[in-house]
Amino acid sequence: MEFFYLYLFFTFSISLFIFLKKIYVSTAAMAVVMSLGITTQGVLLNFFGTRFFYSIPGRILSIVDLVLWSSFVFSFLLACLNKKFNELHYSNPINRFGIGTWVAGTSICGILLDKQFNEWGVFVKILLCMNIGLWALYIWISLRALVDVIKKRLTHRVHGVLLLTTVSTQSIVLLASTVYKGVPESIALFFTIFGISFYIVSALLIIKRYSKLGSWSIRMDWNNTNCILHGALSITGLACLVSHLLTKQSVMILWICAAIVFLVIEIVELVRLFIRIKYDGWKQAMFVYDVSQWSRVFTFAMFYTFTYLSQSNSSSFPFYVQRLIIISGIWVIFTLVIFEIGLVVKSIVENYPRKWRKRNSPSEFHSSF
């Protein structure tokens, strides 16, 4: 019960602060919740075991994630009440896809609640029903956004954010499978195929954009969210695992595909980093915060989780690669999480409005999140 009071205290405090200062978080802010959630539920649980997961530190990490989720939801509702929703979250067709983080973030919070706080079981089932409704609305918004992107000839601006359609869809499978322990195969199959269909369409649009050599620069035009190309494959594989849709052999094939895409995308990311350091310097290349950077934490943690749960028992080449990822990957993810938290703190300190310091009347503020 003490964790419930802890959750209420911090949620109320942060929400009150958001209300007084009129803070509007970005559309993709829930990427933070997704990242911390899969790190706790997928990485820490699998590597350190249930003893850590159900310990006080493990539960506190879950509470932190739930507090962030609730606070961001409040900020979104505040934007609606103050008639800012369209301007902030809907007017830009590409940005609309970021609403997928709301679905996936809600799913991971539901999973954390179900696994760590059994006394909240009824609320988790309600959350699942609400999230399915949110997902349906998001898919409708995404379909309209795709039409707008094509009509307005914005295909030259598409990037990995489109793949949140797949991530959000497969997250519903994960949440439903966690809550009911036996989702009908037909329902799981529908969501999985639906998510894969969106992956194919989104990936083709992204490939089309970047296949036009000379029309884009890796330094200026490559987006952080493109790492969702492998993250969406990983969560699809995880959804197939928990719903038992595929055989172990089929899951291994999907893991190999995810690993290949992971390798290709992260090589491009490293090349981009070196080029940015060369032209922009270390500070601009590495130490400037953007909410889209959390997509890297999420995709790394998701790939780690998929690798852990799909690891082969045979002494084959994939087995040794998977063991290497499992042993070393956790420290990479830890480093990424700590680094991102450091950038968040740095960004808040540097952009702290003077009006806050002077305690003037509340002013509208768009958060770094």
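Since we're looking at a predicted model, the values are computed, not measured. (Residues numbered from 1 in each chain as written. Predicted model: local features only at pLDDT ≥ 70, side-chain atom pairs only at ≥ 80, totals over all residues. Heavy atoms only, no water.)

Asker: Which residues make up the packing of helix H9 (residues 164–180) against helix H10 (residues 185–210), and what values do they have?
Answerer: Where H9 contacts H10, the axes come no closer than 8 Å and their chain directions differ by 170°. Regarding the angle of H9 to H10, the classification is roughly antiparallel. Considering how the two elements wind past one another, H9 and H10 form a crossing that is left-handed. Here H9 contributes Thr165, Thr166, Thr169, Gln170, Ile172 and Val173 to the contact with H10, which in turn contributes Ala188, Phe191, Thr192, Phe194, Gly195, Ile196, Phe198, Tyr199 and Ser202. By residue class, the composition of the contact of H9 with H10 is 8 nonpolar, 7 polar and no charged. (Axes fitted to C-alpha atoms, helices over the stretch in contact; angles between N-to-C directions. Helix = DSSP H or I, 4+ residues; strand = E, 2+ residues; numbered from the N terminus. Parallel < 35°, antiparallel > 145°, perpendicular 65-115°, else oblique. Left-handed = near helix turned anticlockwise from the far one by under 90°. Contact = heavy atoms within 4.5 Å. Nonpolar A, V, L, I, M, F, W, Y, C, P; charged D, E, K, R; others polar.)

Asker: I'd like to hear about the pattern of salt bridges, residue by residue, with values.
Answerer: Oppositely charged side chains may form a pair once their charged atoms are brought near each other. Taken as a whole and judged by the stated rule, the model has 5 salt bridges. For the salt bridge of Glu87 with Lys84, the shortest nitrogen-to-oxygen distance reads 3.8 Å. Take Glu87: its relative accessible area is 49%, and that puts it in the partly exposed class. Take Lys84: its relative accessible area is 18%, and that puts it in the buried class. When the shortest N-O distance is used, the salt bridge between Arg296 and Glu269 registers 3.0 Å. A residue pair is termed long-range when its members are at least 10 positions apart, and Arg296 in helix H13 (residues 294–310) and Glu269 in helix H12 (residues 248–286) qualify at 27 residues. Comparing Arg296 with Glu269, the two get one shared label, buried. What emerges from the salt-bridge pattern is a single network uniting Glu269, Arg272 and Arg296. (Salt bridge = Lys/Arg side-chain N within 4 Å of Asp/Glu carboxyl O. Buried < 20%, exposed > 50% of the residue type's maximum accessible area, 1.4 Å probe, protein only.)

Asker: Quick rundown of the packing of aromatic side chains? Include the residues and the values.
Answerer: Overall, the coordinates contain 27 aromatic pairs when judged by the stated rule. Between the aromatic rings of Phe47 and Trp331, the centroid separation amounts to 6.1 Å while the plane-to-plane angle is 75°, which identifies the pairing as edge-to-face. You can see Phe47 sitting in helix H2 (residues 30–48) and its partner Trp331 sitting in helix H14 (residues 317–350), a full 284 residues away along the chain. The class of Trp331 is partly exposed, set by a relative accessible area of 46%. (Phe/Tyr/Trp six-rings, centres within 6.5 Å; stacked < 30°, edge-to-face > 60°.)

Asker: Explain the packing of helix H8 (residues 121–151) against H10 to me, using residue names and the numbers behind them.
Answerer: One can describe the packing of H8 onto H10 by two numbers: an axis separation of 13 Å at closest approach and a directional angle of 25°. When the axes of H8 and H10 are compared, the pair comes out roughly parallel. In this structure, the crossing between H8 and H10 has a hand that is left-handed. In this structure, H8 contributes Trp135, Ile139, Leu143 and Leu146 to the contact, and H10 contributes Phe190, Phe191, Phe194, Phe198 and Leu205.

Asker: Talk me through the environment of Ser328; I want residue IDs and the actual numbers.
Answerer: One can find Ser328 in helix H14. In this structure the C-alpha to C-alpha distance between Ser328 and Lys181, which are 147 residues apart in sequence, comes to 31 Å. In terms of polar contacts, Ser328 uses its side chain to reach the backbone carbonyl oxygen of Leu324, at 2.6 Å. (Polar contact = N/O pair within 3.5 Å; in protein donor to acceptor, adjacent residues only side chain to side chain.)

Asker: Please give an account of the side chain of Ser202 that cites residues and values.
Answerer: Take Ser202: it is sitting in helix H10. When residues no more than four places from it in sequence are discounted, the contact partners of Ser202 are Leu162, Leu163 and Thr165.

Asker: Describe H9, and please don't skip the residues or the numbers.
Answerer: The end-to-end C-alpha separation of H9 is 24 Å, in line with the 24 Å expected for 17 residues at 1.5 Å each. Looking one or two residues beyond H9, the residue adopting positive phi is Lys181, at roughly 60°. (Expected span 1.5 Å × (residues − 1).)

Asker: Explain the nonpolar core to me, using residue names and the numbers behind them.
Answerer: Side chains of a nonpolar character, in soluble globular proteins, are inclined to be buried together. Among the nonpolar cores identified, the biggest contains 100 residues, and Phe72, Val167 and Trp294 are the most heavily contacted of them. Broken down by element, the residue count for this core peaks at 10 residues, all from H8. Every residue in contact with Phe72, bar those within four places of it in the chain, is listed here: Val25, Ala29, Met30, Val32, Val33 and Phe369. (Core = buried A, V, L, I, M, F, W, Y, C linked by side-chain atoms within 4.5 Å.)

Asker: Before we move on, could you go through H14 and cite the residues and values that matter?
Answerer: For H14, built from 34 residues, the straight-helix expectation of 50 Å at 1.5 Å per residue is met to within 8% by its first-to-last C-alpha distance of 48 Å. Residue Ser328 marks the point of greatest curvature in H14, where the axis turns by about 40°. (Bend = angle between axes of the 7 residues up to and from the residue.)

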